[in-house]
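What the coordinates show
So the chains spell out like this:
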Amino acid sequence: MENKITAILLAGGKSQRMGTDKGLLDLNGKTFIQHVCDALRPIVGSNILIVSANNKYDDLGFLRVEDIIENKGPVGGLYTGLKQSKTKVNLVLSVDVPLVTTELLEWLLKNHDETFMVTQTKNGDKTSPLIGVYDRSMQTVFGEHLYGDQLKLRRVIEEVRHQTIEIPAAWSNQVQNINTKEEYQNLIK
Ligand SMILES: Nc1nc2c(ncn2[C@@H]2O[C@H](COP(=O)(O)OP(=O)(O)OP(=O)(O)O)[C@@H](O)[C@H]2O)c(=O)[nH]1
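Residues numbered from 1 in each chain as written. Predicted model: local features only at pLDDT ≥ 70, side-chain atom pairs only at ≥ 80, totals over all residues. Heavy atoms only, no water.

In the annotation of an unreviewed UniProt entry, the protein chain is listed under the name Probable molybdenum cofactor guanylyltransferase and assigned to Flavobacterium gilvum. The record in UniProt for the protein chain states the following under Cofactor (unreviewed entry): "Mg(2+)". (UniProt positions renumbered as here; feature names shortened; annotations may be inferred.)

Structural data, given as C-alpha cells:
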C-alpha cells in the first residue's frame, strides 16, 4: 500500500486562535505533528509531505514544501501538496488532530471509493474535509479556485464528485480539532 499513497499534512496557516504554531504543541512528550506522523507512518512509510513554511518541521525528516501561493488557507495548501504528489490517492490530514490513529486512517482508506475525487469524513453534524482522501487530479480544481480567489474548501468539495463517510462513534475523540487555547488546556489536563 505504501508506495501507492501519499500523506499530505497541512501545517501552515496562521494559528490565530491558538496564538502559537499548533503543530509544535506538546502532548505527552511529543508534538502534535509527531503524533500525526506516527499514525501515518505504518500506512505510508516516509511518504509524508508536510506543507508549511516553518522549517522547524524539517527535524522530522520528511519532505516539506512551502505553499506555491501563500496565505490562501487549506485550499492553497492542498493545491501545493497535490501538485507535488506522485500518487493518485492522497491521504490528507491537518496538524491539529493529534489523537488520530492508524486504525482510523486504515478504515478511511478501506472505505473510500477511488471513483470519487474527494472523500471527507463526518462526525455527527460536523464534516471534516481535512481528514480525507483526495485524488491528485483535484489539483486542477484547486488551482482554478485559487487563481479566482475562491478559498472556501467546503464549497470546492460541493462542486466535485465526493463522498462523505461517517466515523464510527467510538472514534469521535480522534477527530477533535484543537484550535484554541481552551481546547488545548482541556486536552492536556
Ligand atoms: N499549508 C497550509 N496549511 C494551512 C493554511 N491555512 C491553514 N492550514 C492548515 O490547515 C489546517 C486547518 O487550518 P485552520 O484551523 O482552519 O486555520 P489555522 O490557520 O491553522 O488557524 P486559525 O488562524 O486559528 O484559523 C491546519 O492544519 C493548518 O495548519 C495555509 O495557508 N497553508
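There's plenty left to go through after this.
1. Description of the packing of helix α1 (residues 32-44) against helix α3 (residues 102-111)
Where α1 contacts α3, the two axes come as close as 8 Å, and the packing angle between them is 50 degrees. The pairing of α1 with α3 is recorded here as oblique in orientation. The two elements α1 and α3 cross, and the hand of that crossing is right-handed. Note on element contacts: α3 touches α1 through T102, L105, E106 and L109, opposite D38, A39, L40, P42 and I43. Of the residues in the contact of α1 with α3, the class split is six nonpolar, one polar and two charged. (Axes fitted to C-alpha atoms, helices over the stretch in contact; angles between N-to-C directions. Helix = DSSP H or I, 4+ residues; strand = E, 2+ residues; numbered from the N terminus. Parallel < 35°, antiparallel > 145°, perpendicular 65-115°, else oblique. Left-handed = near helix turned anticlockwise from the far one by under 90°. Contact = heavy atoms within 4.5 Å. Nonpolar A, V, L, I, M, F, W, Y, C, P; charged D, E, K, R; others polar.)

2. Comments concerning the UniProt feature "binding site: GTP" (unreviewed entry) in the protein chain
Following the UniProt record, one finds the feature "binding site: GTP" (unreviewed entry) at L10, A11, G12, K22, D67 and D96. With respect to the helices, strands and loops of the structure, G12 is situated in the loop between β1 (5-10) and β2 (26-27). Examined against the element boundaries, D67 turns out to sit in the loop between β5 (63-65) and α2 (73-84).

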